[in-house]
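Coordinate inspection notes
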Amino acid sequence: MGSQGGGPPATSPGQQLRALFYVLSPGESAFRTVEEVPDYVDKSIPFFITFIGLEFAVSWVQKRKLPGRINDGISSLSLGILSRLPDVLFRSVDLISYIYIWDKYRLFELPWDSPWTWYLTLLGVDFAYYCFHRISHEVNILWAAHQVHHSSEDYNLFTALRQSILQKYTSWIFNLPMALFIPPSVFAVHLQFNLLYQFWIHTEVITSLGPLEWILNTPSHHRVHHGRNPYCIDKNYGGTLIIWDRIFGTFEAEDAKVVYGLTHPVNSFNPIMLQLRPLAHIWNTFWATPGFCSKLSVIFKGPGWGPGKPRLGLPEEIPVITGKEVPFNPSVPAYLNCYAVVHFAVIVDFYTELLATVTVLSQGTILLRIGFIILSLTSFGLLLENRSKAGILEITRCLVFIGVYKLGYLRSQFSSLGYAYE
C-alpha cells in the first residue's frame, strides 16, 4: 500500500492510465504520508497528449473535421500552464491548509489503509467539489476566476486543461471539514483523482454511456455544463459523480445542440486578459453602482445580478441561441499559425524541464524562467489575435530568449536542440 520511505513510489503506466478514470483500487493508492503520494497529475501529461491525438483521429473519422482550432487550443494549453506555475514555487494551498487543520484540530483519525476511508474520501472530495463548483457559478467574485474554464468556444480535451490561476485560492475552504478526521495522505490522492477524472469528459466524440449516465459525470452531462444555451446555464456541477446534481435539483440532460462558451464572450486568446478582464469588470461595476449594499451585491451575488433583480439575475436576460453563433476567430496567415505552434512547443519543452529540475534551481532562476514563460504565452495570444503591436512584443521576446538562453538561465530537455533554438 505504498512505500515506507525513499520518496514517492513509482507508478506503472497502467496505474497512471487507470488513475485518469478513477479506477485504481484502495490497495494501489493508499499511502501512510503525503510525501509518499505520487504526483499523478504531472505524470499524466503523456496520457493527456495521447488522448488529445486520439480525439483528433476519432473526430476526423466521425465527422471529417478536427475537434478544435489552433488558436483556441494554444489558448487553452497556455491557461493550463499558467495555472500550474504557482505550484512550481509553493506547495498546493489545498494541502497546506488541510494539513494545518489536521495537525491542530482533528477530532479523530480514520485509518489511512482502510478501504472504507478511501471510499468515504471519494464521496467527501466529490461533494466538496460540487459545493465549491456551484458557488463558483453563483457568486460573482468566484465566477470571475472560474469563468476562465468556460471561456473556450470549442469543446475538446484541450478545454479540460484551460484552468484558472486564481480558483485554487478559494476552493481549499470546502475541503477543510474532512481534515477533522480523514488523513492528509488519503485526501491528497483523491484531490488528484477527482481532477484527473474531469479531463476525459471534455469531448464530443463520446455520445452516451448508457446506465452509467445515472451515476457518473459523463461527456454528455458535462457538455451541458459548458453550454451557453439557456437550458444549460448553472447545471451539472458534479466532478466525478452526477448524483449530487440529481439530489439538489441542478441536473439537466443534454437536449438541443449545445453552443459552448460564455453568454458574453471575452473574445481573446491572451491568457492574462482571460484571467483578469472579469475582475476588471467587477471593479468598474462596483464603483459605478450606488449604495453600499448594492456594491457588496456586485461582489457576492450572481454574475447576472443588477439592482432590482433576483440574486442570480433574470433567466430571460440570458442571450437566446440562434444556432448561427460564430466563434471568435481572427483571420491569421497560415505561416503565423505554424510559427505559434512551433514556438509554443518550445515553451512546453522549457516548462516540463522546469518541473523536472525545480528542486535544484535557485529561486532567481526559477522566477526568471517563469517570467519568460508568461511573456511567451502572452505574446502567442496576441499573435493569434493578429494584434498590430504583437510583432514588436514577439521580437522583444525572442531577443530576451537569446539573452537568457546564452547565459544558461533556460535549459531544454533535449540538448541536441540547443543550436536550433538559438
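Residues numbered from 1 in each chain as written. Predicted model: local features only at pLDDT ≥ 70, side-chain atom pairs only at ≥ 80, totals over all residues. Heavy atoms only, no water.

1. A few points about the overall build of the protein
- Across its full length, the protein carries 18 helices and 0 strands.
- Taken against the 2.2 N^0.38 rule, which gives 22 Å for 422 residues, the C-alpha radius of gyration of the protein at 22 Å falls within 12% of a compact globule.
- Across the 422 residues of the protein, 49% fall into the buried class.
- Taking contacts inside the protein between residues at least 6 apart in sequence as the whole, the part at least 24 apart equals 75%.
- Of the accessible surface of the protein, which amounts to about 20,100 Å², a share of 68% is contributed by carbon and sulfur atoms.
- If you average the places of the 31 positive and of the 31 negative side-chain charges in the protein, the two averages end up 5 Å apart. (Helix = DSSP H or I, 4+ residues; strand = E, 2+ residues; numbered from the N terminus. Rg over C-alpha atoms; globule rule 2.2 N^0.38 Å. Buried < 20%, exposed > 50% of the residue type's maximum accessible area, 1.4 Å probe, protein only. Contact = heavy atoms within 4.5 Å. Areas by Shrake-Rupley, 256 points an atom, 1.4 Å probe, with all protein chains shown as cover. Lys, Arg positive; Asp, Glu negative; His and termini not counted. Charge placed at Lys NZ, Arg CZ, Asp CG, Glu CD.)

2. Here's the deal with the pattern of salt bridges
- For the structure shown, the criterion picks out 16 salt bridges.
- The closest approach of N and O atoms between Lys309 and Glu317, which form a salt bridge, is 2.8 Å.
- Among the ionic contacts, a cluster of salt bridges with common partners joins Asp42, Arg84, Asp87 and Lys168. (Salt bridge = Lys/Arg side-chain N within 4 Å of Asp/Glu carboxyl O.)

3. A few points about helix H14 (residues 292-300)
- Among the residues of H14, Lys295, Ser297, Val298 and Ile299 are the ones counted as buried.
- Looking at the buried side of H14, the elements it contacts are helix H7 (140-150) and helix H13 (271-288).

4. Comments concerning the UniProt feature "domain: Alkylglycerol monooxygenase C-terminal" (unreviewed entry) in the protein
- Taken from the UniProt record, the annotation "domain: Alkylglycerol monooxygenase C-terminal" (unreviewed entry) applies to residues 336-422.
- As annotated, residues 336-422 has a helix share of 75% and a strand share of 0%, and its two end C-alpha atoms lie 19 Å apart. (UniProt positions renumbered as here; feature names shortened; annotations may be inferred.)

5. Examining the packing of aromatic side chains
- The tally for this structure, following the rule as stated, stands at 28 aromatic pairs.
- Seen from their ring centres, Tyr130 and Phe248 are 5.7 Å apart, and the 25 degrees between their planes marks the pair as stacked. Here Tyr130 is found in helix H6 (residues 115-138), whereas its partner Phe248 is found in helix H12 (residues 243-248), with 118 residues between them in sequence.
- Ring pairing ties together the aromatic residues Tyr22, Tyr40, Trp118, Tyr119 and Phe193, which thus form one cluster.
- Positioned above the aromatic ring of Trp102, the side-chain terminus of Arg106 is 4.4 Å from the ring centre.
- It is Arg246 that lies over the ring of Phe251; its NZ or CZ is 4.0 Å from the centre. (Phe/Tyr/Trp six-rings, centres within 6.5 Å; stacked < 30°, edge-to-face > 60°. Lys NZ or Arg CZ within 6 Å of the ring centre and 35° of its normal.)

6. As for the nonpolar core
- Residues Tyr40, Met178, Phe193, Leu196 and Phe199 are the most contacted members of the largest nonpolar core, which totals 44 residues.
- Counting residues per element, the ones that place at least two in this core are helix H1 (13-20), helix H2 (40-43), helix H3 (45-63), helix H5 (93-105), H6, helix H8 (157-160) and helix H10 (184-200).
- Per element, the largest residue contribution to this core is 9 residues, and it comes from H10.
- With residues near it in sequence (within four places) discarded, Phe193 still touches Ala19, Tyr22, Leu24, Ser29, Tyr40 and Trp118.
- Formed by 25 residues, the second largest nonpolar core is a distinct cluster that contains Phe269, Phe344, Phe380 and Val404. (Core = buried A, V, L, I, M, F, W, Y, C linked by side-chain atoms within 4.5 Å.)

7. Structural notes on the packing of H13 against H14
- For the pair H13 and H14, interaxial distance at closest approach is 8 Å and the crossing angle is 165 degrees. Taken together, H13 and H14 sit at an angle that is classed as roughly antiparallel. Remark: the crossing between H13 and H14 carries right-handed chirality. For the pair formed by H13 and H14, the contact residues are Ile282, Thr285, Phe286 and Trp287 on the first element and Lys295, Val298 and Ile299 on the second.
- Looking at the contact of H13 with H14, its residues break down into 5 nonpolar, 1 polar and 1 charged. (Axes fitted to C-alpha atoms, helices over the stretch in contact; angles between N-to-C directions. Parallel < 35°, antiparallel > 145°, perpendicular 65-115°, else oblique. Left-handed = near helix turned anticlockwise from the far one by under 90°. Nonpolar A, V, L, I, M, F, W, Y, C, P; charged D, E, K, R; others polar.)

8. Points about the environment of Ser92
- Here Ser92 is to be found in the loop between helix H4 (70-89) and H5.
- The class of Ser92 is partly exposed, set by a relative accessible area of 23%.
- Each C-alpha atom, one on Ser92 and one on Gly323, is 41 Å from the other, the two residues being 231 residues apart in sequence.

9. A closer look at the UniProt feature "domain: Fatty acid hydroxylase" (unreviewed entry) in the protein
- The positions that UniProt labels "domain: Fatty acid hydroxylase" (unreviewed entry) are, in the present scheme, residues 119-250.
- Structurally, residues 119-250 comprises 52% helix and 0% strand, and the distance from its first C-alpha atom to its last is 24 Å.

10. Some thoughts on H13
- With 18 residues, H13 extends 27 Å from end C-alpha to end C-alpha; this agrees with the ideal 26 Å at 1.5 Å per step.
- A maximum bend of about 30 degrees is found in H13 at Arg277, where proline Pro278 lies one to four positions downstream.
- Against H4, H7, H14 and helix H16 (363-384) lie the buried residues of H13.
- Two to three positions downstream of the cap, the backbone nitrogen of Ile272 sits 3.0 Å from a side-chain oxygen, assigning the N-cap of H13 to Asn270. (Expected span 1.5 Å × (residues − 1). Bend = angle between axes of the 7 residues up to and from the residue. Polar contact = N/O pair within 3.5 Å; in protein donor to acceptor, adjacent residues only side chain to side chain.)

11. A look at unusual backbone geometry
- Located in the positive-phi region is Tyr22, a residue other than glycine, with phi close to 60 degrees.
- Along the chain, the position of Tyr22 falls in the loop between H1 and H2.
- Residue Asn267 is not a glycine yet carries a positive backbone phi of 55 degrees.
- In this structure, Asn267 sits in the loop between H12 and H13.
- By relative accessible area, Asn267 is classed as partly exposed at 37%.

12. Description of the side chain of Ser97
- Here Ser97 lies in helix H5.
- In contact with Ser97, not counting residues within four places along its chain, are Trp172 and Leu176.

13. Some words on the packing of H4 against H16
- Relative to each other, H4 and H16 sit at 160 degrees, their axes nearing to 10 Å. By the angle between their directions, the pair H4 and H16 is classed as roughly antiparallel. Note that H4 runs across H16; the crossing there is left-handed. On H16, the residues that touch Asn71, Ile74, Ser78, Ile81, Leu82, Leu85, Val88 and Leu89 of H4 are Gln363, Ile366, Leu367, Ile370, Ile373, Ile374, Leu377 and Leu384.
- Each residue belonging to the contact of H4 with H16 can be placed in one class, and the counts come to 13 nonpolar, 3 polar and no charged.

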